[in-house]
Amino acid sequence: MQKSNKINLLVYLALWRRPEITELCFMGLDRLKRHDSFNISVFAVISEKEMIPLCDKYGVKWIMHDNQPLGKKKNYGLRQLKNIDFDYMMEIGSDDLITNELLDQYLDYFGKYECFGISDAAYINSETLECRRLTSQKTNYGAGRCISKKVLEECNWVLWNDGLGRGLDNNSILKIETLGYKYQKVEPKDVPGVIDIKSNENLWKFNYFLGEEYDVNLVLQKLSENEISKLNSLVNVSA
């Protein structure tokens, strides 16, 4: 893959509740779509009819499936991608924001590695804007990781065990490595490239013992004015 050509990047995510935070996520994806080096499309697997207008508003293609078990839901959505033209799939959560700087950093990895992802992330409590940063080579972050279409074809569009409700990131990476592909960790930069917005609805909630306290303003400067305004609107509001 030549850097002079735009990379076809398909962003894949599963939606469940938290419509306000999901809209913030979609705003972040709209920002990414303006990146000069990528053609970005978005596909979501949803479980609530209430999410359809939000997906339509932001041009997100979607398919409906029961929310549980989560592994089955995500595999079902993944299978819908097989006839879509893309080079790599980026997986995120509906509460994640990706910085433009992370996409810049990824340019050195596309075409060189079949699967790669971050080794650090920032976590923001949406009700207080408290922020923490976790840097770890041992943690398998699902958010922001990229997997080539070649790998997805080789795993027959099944990345997770259908019955799983937790531990999906580790489960899928183990499957990828079983196929003979090494999962490449991207070295952290000054500011984390993935920002996870936590609420009371999260499977993994904001943890005051996770990582280290971090200046939220360093994160906010990577976002658009619309994203910052939306995030501020969540303070002291149950998502």
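(A) Spotlight on the packing of helix α1 (residues 19-32) against helix α8 (residues 225-233). One way to put it is that α1 packs onto α8 with a least axis distance of 9 Å and a crossing angle of 170°. By the angle between their directions, the pair α1 and α8 is classed as roughly antiparallel. On α8, the residues that touch E20, E23, L24, M27, G28 and R31 of α1 are N226, E227, K230 and L231. Residue composition of the contact of α1 with α8, by class: three nonpolar, two polar and five charged.

(B) Fine view of the pattern of salt bridges. Within this structure, the stated rule accounts for 11 salt bridges. R145 is the partner of E91 in a salt bridge, and the nearest nitrogen-oxygen pair spans 2.7 Å. With E91 in strand β4 (residues 88-91) and R145 in strand β9 (residues 145-148), this residue pair connects regions lying 54 residues apart in the sequence. You'll find E91 and R145 in the same group, each marked buried. The residue E101 makes a salt bridge to K222 at a minimum N-O spacing of 3.6 Å. Pair noted here: E101 is in helix α4 (residues 100-106) and K222 is in the loop between α7 (216-220) and α8, with a separation of 121 residues, a long-range link. Salt bridges here are not isolated pairs; linked through shared partners, they connect E20, E23, K57 and K230.

(C) Structural view of the sheet that holds strand β7 (residues 120-125). Strand order in this open sheet of five strands is β5-β11-β7-β8-β12, and the pairing throughout is mixed. Two strands bound the open sheet, and with one partner strand each, they are β5 (96-98) and β12 (212-213). With three bridges connecting them, β5 and strand β11 (residues 194-198) associate as antiparallel partners. Pairing of D96 across the sheet is with D196, part of β11. Against the sheet, α1 touches β5 and β11, its axis set at about 15° to β5.

(D) Spatial organisation of the nonpolar core. Counting 42 residues, the largest nonpolar core has L9, F26, M90, Y106 and F110 as the members making the most contacts within it. Counting 23 residues, the second largest nonpolar core, distinct from the first, contains Y12, I147, W160 and Y181.

(E) Structural detail: the pairing of β9. Side chains R145 and I147 project from β9 onto one buried face, and the interleaved C146 and S148 project onto a second face that is buried too. Summarising the sheet, β4 and β9 pair through four bridges and their orientation is antiparallel. From the neighbouring strand, E91 faces β9, where its bridge partner is R145.

(F) The packing of aromatic side chains, seen in detail. Under the criterion given, the structure shown has 10 aromatic pairs. Taken together, a centroid distance of 5.8 Å and an interplanar angle of 55° make the contact between Y88 and F116 tilted. Of the two residues, Y88 sits in strand β4 while F116 sits in strand β6 (residues 115-117), which places them 28 residues apart along the sequence. Judged by relative accessible area, Y88 falls into the buried class, the value being 3%. A relative accessible area of 0% means that F116 is categorised as buried. Between Y106 and F110, the aromatic rings sit 6.1 Å apart at their centres with planes inclined by 85°, giving edge-to-face as the arrangement.

Rules and cut-offs
Residues numbered from 1 in each chain as written. Predicted model: local features only at pLDDT ≥ 70, side-chain atom pairs only at ≥ 80, totals over all residues. Heavy atoms only, no water. Axes fitted to C-alpha atoms, helices over the stretch in contact; angles between N-to-C directions. Helix = DSSP H or I, 4+ residues; strand = E, 2+ residues; numbered from the N terminus. Parallel < 35°, antiparallel > 145°, perpendicular 65-115°, else oblique. Contact = heavy atoms within 4.5 Å. Nonpolar A, V, L, I, M, F, W, Y, C, P; charged D, E, K, R; others polar. Salt bridge = Lys/Arg side-chain N within 4 Å of Asp/Glu carboxyl O. Buried < 20%, exposed > 50% of the residue type's maximum accessible area, 1.4 Å probe, protein only. Pairing = 2+ DSSP bridges. Core = buried A, V, L, I, M, F, W, Y, C linked by side-chain atoms within 4.5 Å. Phe/Tyr/Trp six-rings, centres within 6.5 Å; stacked < 30°, edge-to-face > 60°.

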